[in-house]
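What the coordinates show
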Amino acid sequence: MRLIRYAFREGWTSLVRSGTSTLFSVTAIALAVAVLAAVLLFTTNVERWLDEWSSSAELSVYLDDGTTSDERGAIEDAIDVSGIAASREYVSKQEALARFRDGFSSLSPLAEGLDGNPFPASVEVRLAPGDGVEAALQALARQLITLPGVVDVQYDRDWLNRLAAGLDVVRRLGFLLGLLMALAATVTVAAVVRLSLYSRRDEIEVMQLVGAPVGYIRGPFVAEGVLQGGLGALAALAVLGAGFALVRSLYGTALAQVLEGLPVGFLPPVYWAYLILGGMVVGAAGGFVAARQAV
Amino acid sequence: MIETRHLSKFYHRGVYALRDLTLTVEKGEFVFITGPSGAGKSTLLRLLLRQELASEGELLVNGQDLATLSRPAIQEYRRGIGFVFQDFKLVPSRTVLQNVSFVPEVLGVPVAAQHRRAFQVLKWVGLQHRIGAFPEELSGGEQQRVAIARALVNDPALLIADEPTGNLDPDLSLEIMNLFREINAGGTTVLVATHDRELIRFVGRRTVHLDQGRIAEVM
Ligand SMILES: Nc1ncnc2c1ncn2[C@@H]1O[C@H](COP(=O)(O)OP(=O)(O)O)[C@@H](O)[C@H]1O
Ligand SMILES: [Mg+2]
């Protein structure tokens with residue numbers, strides 16, 4: 001406890017005295033943290049959208065014009081038995097046409113020109129959210145297509161899966177880049193701490209000659225790295241947060257339209273804590289490497 | 001207290017900084033190490049502080065062979081030694097009091113005791129009125145007295161000084177020597193390396209004269 005207090009007090013003095021060189025290491029750590037934070041910001045938001053989308057994902061069962069109500073009943077029974085449907089709704093031919101008109105008003109002259117009603121009736125199934133419904137969904141689709149009265153079965157889960165996989169790749173690449181930058185930041189911190197070790201070599205010699213424990217000699221330099229890391233991470237989060245708020249205030253309404261009400265949020269506080277902690281660990285590593293080489 | 005047996009130190013094979021030194025210093029003694037520049041005075045003191053290891057022979061302090069000390073044992077050993085250098089080696093960013101009190105601080109002495117002890121030794125060297133000053137605000141003689149206070153704060157059994165008056169004018173040098181005499185009178189073994197014959201004559205203690213790493217004369 002005493003050692004920690006001593007180390008941070010001395011580390012802080014040293015940090016303040018190093019001035020410009022400290023700026024380098026703080027910037028290096030800030031860049032690494034900013035990359036990680038940006039990746040996290042992107043992936044957490046897209047993940048939220050994925051959740052939203054998968055909970056609203058639909059299975060459409062298109063019916064033949066001549067489907068009887070018995071046949072429809074059998075189809076609806078099969079859907080209910082499968083257990084993966086949150087709700088289902090029968091959409092008649094007339095409703096399908098009306099929806100088309102509403103959704104594509106610019107195309108409505110096209111619809112006016114049509115002979116009769118080309119839209120099939122369908123049963124729209126809202127799927128229950130959750131993992132592991134894939135197999136059940138495919139089985140259900142295979143079963144439904146064999147039932148009398150069913151013309152086609154469509155479900156839009158594939159693109160969601162592809163998106164999730166793509167997101168995974170982005171996340172991995174982002175973390176890899178962040179890791180590489182963290183490594184570079186460690187090296188930078190080590191170089192900066194080495195400078196401050198050099199400027200305090202008389203003091204270190206005195207410490208060694210009075211028989212100070214190694215922790216007291218190295219501690220201040222590790223603490224200096226930790227402080228650099230914490231400051232860098234804080235700076236990165238502050239800049240990213242400010243940028244986020246700025247984009248939101250400038251383009252908030254336009255963005256909301258593009259995203260059609262999908263939720264957008266900044267990183268949750270737990271992530272801030274992890275990122276700041278990460279910055280401190282990187283700084284500590286740099287400080288320790290430098291101190292260990294010197295003492 | 002200190003015993004060397006055929007002690008030698010070389011940095012390059014065949015070029016001895018210290019050669020075949022056999023010497024005994026009793027507990028409570030005051031001994032000068034003298035000789036021209038390059039004679040090996042500083043080398044002997046560095047060996048005593050265990051900053052370096054002997055190349056040949058043995059160096060024992062209180063019966064302990066310094067070559068066999070582990071890292072924690074070296075720390076423990078050094079805690080019993082005070083040292084003073086020609087260039088003071090004060091920490092510029094610390095006040096006079098902090099320059100002295102950080103020694104007990106890093107050795108785990110409680111805060112109140114750190115300050116009491118530091119103040120005591122600073123008062124003893126006559127600097128109680130300068131405890132808040134920074135080293136650069138002090139004269140050379142005052143800086144060296146701070147360094148002496150720092151050396152004494154742990155109540156060492158052995159005090160080692162390497163050219164402690166090298167940067168001071170003669171009056172101040174005598175003042176510093178008087179401090180050393182008093183320290184010695186309190187029972188501390190004192191070892192001072194200096195090439196200043198005037199000073200040695202003034203103090204009048206046993207003197208080991210080195211030349212090219214060998215003992216040329218003991219007076
Ligand atoms: N680190 C070193 N590397 C090589 N030679 C050294 C080193 N330290 C001292 N010497 C040599 O050892 C000899 C004794 O030096 P030193 O003990 O400093 O003498 P003094 O203190 O009596 O002036 C000198 O010839 C010096 O050049
Ligand atoms: Mg010398």
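Quick look at the packing of helix H5 (residues 140-152) of chain B against helix H6 (residues 170-185) of chain B now. All names here are of chain B. The N-to-C vectors of H5 and H6 enclose an angle of 15 degrees; their axes lie 10 Å apart at closest approach. The pairing of H5 with H6 is recorded here as roughly parallel in orientation. Between H5 and H6 lies a crossing of right-handed hand. Touching Gly141, Gln144, Arg145, Ile148 and Leu152 of H5 are Leu172, Glu175, Ile176, Leu179, Phe180 and Ile183, all from H6.

Turning our attention to helix H3 (residues 69-82) of chain A. Residues and elements named next belong to chain A. Between its first and last C-alpha atoms H3 spans 20 Å; for 14 residues at 1.5 Å apiece the expected length is 20 Å, and the two agree. Buried residues belonging to H3 abut strand E1 (58-63), strand E2 (85-91), strand E3 (122-127), helix H6 (134-146) and strand E4 (150-155). Gly83 occupies a position one or two residues after H3 and carries a positive phi of about 80 degrees.

We now examine the sheet that holds strand E6 (residues 81-85) of chain B. All names here are of chain B. Pairing in this open sheet of six strands is mixed, and the strands run E6-E7-E8-E3-E9-E10 from one edge to the other. Each edge of the sheet is formed by a strand with only one pairing partner; in this case those strands are E6 and strand E10 (214-218). Across the sheet, the mean angle separating the axes of adjacent strands is 20 degrees when strand polarity is ignored. Relative to strand E8 (residues 189-193), strand E3 (residues 30-34) runs parallel, the two being bridged by four bridges. Looking at E8, one finds that Val31 is bridged to Leu191. Each of E3, E6, strand E7 (158-162), E8 and strand E9 (206-211) is contacted by helix H1 (residues 41-48), which is oriented at about 145 degrees to E7, the strand it contacts most.

This part takes up the interface of chain B and chain A. Taken residue by residue, the interface counts 22 residues in chain B and 20 residues in chain A. Buried surface at the junction of chain B and chain A, both sides included, amounts to about 1,900 Å², of which 56% is carbon and sulfur. Considering only the surface of chain B that becomes buried against chain A, B:Lys89, B:Glu105 and B:Val106 emerge as the three largest contributors, covering 28% of it. Remark: the boundary between chain B and chain A carries five salt bridges. Inspection of the region where chain B meets chain A yields nine residue pairs in polar contact (both at pLDDT 80 or more). When residues in the side of chain B that touches chain A are grouped by element, the largest group, four residues, is from helix H3 (residues 96-106) of chain B. Tallied by class, residues from the side of chain B that touches chain A come to ten nonpolar, five polar and seven charged.

Residues B:Leu48, B:Ile148 and B:Phe180 are the most contacted members of the largest nonpolar core, which totals 102 residues. If one sorts the elements of this core by residue count, helix H9 (residues 214-259) of chain A sits on top with eight residues. Within the second largest apolar cluster, 17 residues are counted, among which are A:Leu63, A:Val123, A:Leu127 and A:Leu137.

Turning next to the site of ligand 1. Residue and element names in this part refer to chain B. Taken together, Tyr11, Ala17, Pro36, Ser37, Gly38, Ala39, Gly40, Lys41, Ser42, Thr43 and Arg46 make up the full set of residues adjacent to ligand 1. Take Gly38: an N or O atom from its main chain is 2.7 Å from an oxygen atom of ligand 1. In the model, an oxygen atom of ligand 1 is placed 2.5 Å from a nitrogen or oxygen of the Thr43 side chain. Relative to its unbound accessible area of 560 Å², ligand 1 is 59% covered by the protein chains. Ranked by residues supplied to the shell around ligand 1, first place goes to H1 with four residues. Residues of the shell around ligand 1, tallied by class, amount to four nonpolar, five polar and two charged.

With that out of the way, let us pick up the pattern of salt bridges. When their charged atoms lie close together, side chains carrying opposite charge are able to pair. Scanning all chains against the criterion turns up 24 salt bridges over all chains. Beyond isolated ion pairs, a larger network of salt bridges with shared partners links A:Arg9, A:Glu10, A:Arg200, A:Glu203, B:Arg94 and B:Glu105.

The next subject is the pairing of E10(B). Successive residues of a regular strand alternate their side chains across the two faces of the sheet. Residue and element names in this part refer to chain B. As judged from the four bridges shared by E9 and E10, these two strands associate in the antiparallel manner. Residue pairing in the sheet places Val208 in a bridge with Val218 of E10. In this antiparallel pair of consecutive strands, E9 and E10, the connection spans two residues, and Gln212 shows a positive phi of 50 degrees.

It is worth spelling out the side chain of A:Gln228 at this point. All names here are of chain A. Of note, Gln228 is situated in helix H9. With relative accessibility at 0%, the residue Gln228 sits in the buried group. Those residues in contact with Gln228 that lie beyond four places of it in its chain are Leu15, Thr22, Ser25, Val26, Ile29, Val189, Val192 and Val193.

Of the residues in chain B, 100% have a pLDDT of 70 or more, and the chain-wide mean is 90. Model confidence for the complex: the whole-complex pTM is 0.75, and ipTM, which rates the interface, is 0.88.

Attention now moves to the packing of aromatic side chains. Throughout the structure, instances matching the rule amount to six aromatic pairs over all chains. Aromatic side chains A:Phe244 and A:Phe266 sit 5.3 Å apart centroid to centroid with 45 degrees between the ring planes, which places their arrangement in the tilted category. Within this pair, whereas A:Phe244 is found in helix H9, its partner A:Phe266 is found in the loop between H9 and helix H10 (269-294), the two being separated by 22 residues in sequence. Residue class for A:Phe244 comes out buried when judged on its relative accessible area of 17%. By the ring-pair criterion, three or more aromatic residues cluster together here, those being A:Phe244, A:Phe266 and A:Trp272. We note B:Lys89 situated over the ring of B:Phe85; from NZ or CZ to the ring centre the distance is 5.2 Å.

Rules behind the numbers
Residues numbered from 1 in each chain as written. Chains lettered and ligands numbered in written order. Predicted model: local features only at pLDDT ≥ 70, side-chain atom pairs only at ≥ 80, totals over all residues. Heavy atoms only, no water. Axes fitted to C-alpha atoms, helices over the stretch in contact; angles between N-to-C directions. Helix = DSSP H or I, 4+ residues; strand = E, 2+ residues; numbered from the N terminus. Parallel < 35°, antiparallel > 145°, perpendicular 65-115°, else oblique. Left-handed = near helix turned anticlockwise from the far one by under 90°. Contact = heavy atoms within 4.5 Å. Expected span 1.5 Å × (residues − 1). Pairing = 2+ DSSP bridges. Buried area = accessible area lost by both parts, 1.4 Å probe. Salt bridge = Lys/Arg side-chain N within 4 Å of Asp/Glu carboxyl O. Polar contact = N/O pair within 3.5 Å; in protein donor to acceptor, adjacent residues only side chain to side chain. Nonpolar A, V, L, I, M, F, W, Y, C, P; charged D, E, K, R; others polar. Core = buried A, V, L, I, M, F, W, Y, C linked by side-chain atoms within 4.5 Å. Buried < 20%, exposed > 50% of the residue type's maximum accessible area, 1.4 Å probe, protein only. Near = heavy atom within 4 Å. Areas by Shrake-Rupley, 256 points an atom, 1.4 Å probe, with all protein chains shown as cover. pLDDT = per-residue confidence, 0-100. Phe/Tyr/Trp six-rings, centres within 6.5 Å; stacked < 30°, edge-to-face > 60°. Lys NZ or Arg CZ within 6 Å of the ring centre and 35° of its normal.

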